[in-house]
Amino acid sequence: DDDDDARSETSSSGSSSSSSGYGFGRESTEMLELMERLAAERLGESSAAAAATALETFDLRGIAKHIERGGVKNVVVMTGAGISVSAGIPDFRSERGLYARLGEYDLPYPQAIFELGYFREKPEAFYKLAKDLYPGLYAPTPTHYFIKLLHDRGLLRRCFTQNIDSLECATGLPKDKVVAAHGNFDSAKCLNGHDANIDEVERACRAGTPMTCAKCGEFVKPDIVFFGENLPRRFFECAQKDFEVCDLLIVIGTSLVVHPFAGLIERPKEHVPRLLINLERCGEAQNTRVTKLYRMAGLGRGTGFDFDEATNYRDALFLGQCDDGVAELCSMLGWKDDLDALIANCTIKKRLQASKISN
């Protein structure tokens, strides 16, 4: 359920549309009264009933019916480390997650492994982690194949992922359909900005040995976003375009604590349904009455998920394992056989199993 493969709590090139951007929670009585009048003018006295038409029920069944009606053409998926746990890759923030298991790396504190200052001094820790996480060591999970299935059915607009494992593309999903918000191992540069030969970087990572730049001697780092670094420009460019046409948002396996990624849940337009598949609830607004007023008054696109029975009109929730959630949704849609076929044909899994047997 947890997530957060990578590392940028802030970004100078942009920020999320977080609730603080609306003065959320600091509204005066006069402001609330104005919002109520605007809401009444826009939607009338039956506004709550009108808004409730986004989904029939706020669960997987409601999402399945929404898709079956045929109006869904541009699904945006947001993913975190929770979708890769069943592949054998630990998440970050749970009790048994990566941060809790980094004692062997001799770190002053867990997050140091993704800090530039520490990398400059002791790159061995990150390269040891890179050796354990490098693409090719793990097979995609059923959730990764669910995203591929959305693409195969012509429904996927984009997958925004915090993960650095590249398992989305390991399913055969085209790279242009994925935004690696926190980077991955596809490219690398030294700390002075010189491009590095990716084949040499791969050999260094697989060996767990820090690589230095042939031009300046500085350490080479895969293009994974560390704390304090800017997110890739493509993240902001795609977010700007994709959420204008998004007609369904699916959020899977993330704790939604790292911004600006977490703020993407606020980007869909007010009428667009959103689904959270996770072990626990996250990304919720602090005050659902004020959130509702913002939405009804047309003063923003929301301030988080709203699972409150009295005010929810578009947010569906499945609490459980990611793979179980997508399997249940596929069963409701009649897609289960297609999902199972994709999983059965996973060449990486077959290769890893054959290698394990031979060893």
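Below is a summary of the structure that appears in this document. (Residues numbered from 1 in each chain as written. Predicted model: local features only at pLDDT ≥ 70, side-chain atom pairs only at ≥ 80, totals over all residues. Heavy atoms only, no water.)

## Describing the overall build of the protein chain
Step number 1: Across its full length, the protein chain carries 13 helices and eight strands.
Step number 2: A burial count over the protein chain gives 52% of its 359 residues as buried.
Step number 3: In the protein chain, 75% of the contacts between residues at least 6 apart in sequence involve partners at least 24 apart.
Step number 4: Accessible area for the protein chain stands at about 15,900 Å²; split by element, carbon and sulfur atoms hold 47% of it. (Helix = DSSP H or I, 4+ residues; strand = E, 2+ residues; numbered from the N terminus. Buried < 20%, exposed > 50% of the residue type's maximum accessible area, 1.4 Å probe, protein only. Contact = heavy atoms within 4.5 Å. Areas by Shrake-Rupley, 256 points an atom, 1.4 Å probe, with all protein chains shown as cover.)

## Notes on the pattern of salt bridges
Step number 1: Under the defined criterion, the tally for this structure stands at 15 salt bridges.
Step number 2: For Lys65, the salt bridge is made with Glu56, and the minimal N-O distance between the two is 3.5 Å.
Step number 3: Using a relative accessible area of 52% as the deciding quantity, one classes Glu56 as exposed.
Step number 4: The residue Glu229 makes a salt bridge to Lys221 at a minimum N-O spacing of 3.3 Å.
Step number 5: We classify Lys221 as buried; its relative accessible area is 6%.
Step number 6: One continuous salt-bridge network, built from bridges that share partners, spans Glu56, Lys65 and Arg69. (Salt bridge = Lys/Arg side-chain N within 4 Å of Asp/Glu carboxyl O.)

## Concerning the packing of helix H6 (residues 142-152) against helix H11 (residues 322-333)
Step number 1: At a minimum axis distance of 8 Å, the contact between H6 and H11 shows a crossing angle of 40°. Classed by the angle they form, the pair H6 and H11 counts as oblique. At the point where H6 passes H11, the crossing takes the left-handed sense. For the pair formed by H6 and H11, the contact residues are Pro142, Thr143, Phe146 and Leu149 on the first element and Cys322, Asp323, Val326, Leu329 and Cys330 on the second.
Step number 2: Class assignment of the residues belonging to the contact of H6 with H11 gives a composition of seven nonpolar, one polar and one charged. (Axes fitted to C-alpha atoms, helices over the stretch in contact; angles between N-to-C directions. Parallel < 35°, antiparallel > 145°, perpendicular 65-115°, else oblique. Left-handed = near helix turned anticlockwise from the far one by under 90°. Nonpolar A, V, L, I, M, F, W, Y, C, P; charged D, E, K, R; others polar.)

## What to know about the side chain of Asp247
Step number 1: Inspection of the secondary structure assignment puts Asp247 in the loop between helix H9 (233-245) and strand S6 (248-252).
Step number 2: No salt bridge is formed by the buried Asp247; its nearest oppositely charged neighbour, Lys73, is found at 7.9 Å.
Step number 3: Reaching out from Asp247, the side chain makes a polar contact with the backbone nitrogen of Lys73 at a distance of 2.8 Å.
Step number 4: Once residues lying within four places of it in the same chain are set aside, the contact partners of Asp247 are His66, Gly71, Val72, Lys73, Asn74, Val75, Val272 and Pro273. (Lys, Arg positive; Asp, Glu negative; His and termini not counted. Polar contact = N/O pair within 3.5 Å; in protein donor to acceptor, adjacent residues only side chain to side chain.)

## Describing the sheet that holds strand S3 (residues 178-180)
Step number 1: Here we have six strands laid out as an open sheet, ordered S3-S2-S1-S6-S7-S8, and parallel in their pairing. Edge positions in the sheet fall to S3 and strand S8 (315-319), since each has one partner strand and no second. Sheet twist, expressed as the average angle between the axes of neighbouring strands with direction ignored, equals 15°.
Step number 2: Here strand S1 (residues 75-79) runs beside S6; their pairing, made up of five bridges, is parallel. Residue Thr79 lies in a different strand from S6, and its bridge partner there is Ile252. (Pairing = 2+ DSSP bridges.)

## Digging into the environment of Lys131
Step number 1: By the element assignment, Lys131 lies in helix H5 (residues 123-133).
Step number 2: Among the residues examined, Lys131 registers a relative accessible area of 41% and is labelled partly exposed.

## Points about unusual backbone geometry
Step number 1: Residue His259 is joined to Pro260 through a cis peptide bond whose omega torsion reads 10°.
Step number 2: In this model, Ser166 sits at a positive phi of 60°, which is unusual for a non-glycine residue.
Step number 3: Along the chain, Ser166 turns up in the loop between strand S2 (156-161) and helix H7 (167-170).
Step number 4: For Leu256, which is not a glycine, the phi torsion comes out positive at approximately 55°.
Step number 5: Here Leu256 lies in the loop between S6 and strand S7 (274-278).

## Some points on the packing of aromatic side chains
Step number 1: Under the criterion given, the structure shown has 13 aromatic pairs.
Step number 2: The interplanar angle of 85° and the centroid separation of 6.1 Å between the aromatic rings of Phe160 and Phe235 together place this pair among those described as edge-to-face. Of this pair, Phe160 sits in strand S2 while Phe235 sits in helix H9; the two residues are 75 residues apart in sequence, bridging distant segments of the chain.
Step number 3: Judged by relative accessible area, Phe160 falls into the buried class, the value being 0%.
Step number 4: The exposure class assigned to Phe235 is buried, which follows from its relative accessible area of 2%.
Step number 5: Through successive ring pairs, a cluster of aromatic residues spans Phe114, Phe119, Phe126, Tyr127, Phe219 and Phe226.
Step number 6: Over the aromatic face of Phe226 sits the side chain of Lys221, whose NZ or CZ is 4.5 Å from the ring centroid. (Phe/Tyr/Trp six-rings, centres within 6.5 Å; stacked < 30°, edge-to-face > 60°. Lys NZ or Arg CZ within 6 Å of the ring centre and 35° of its normal.)

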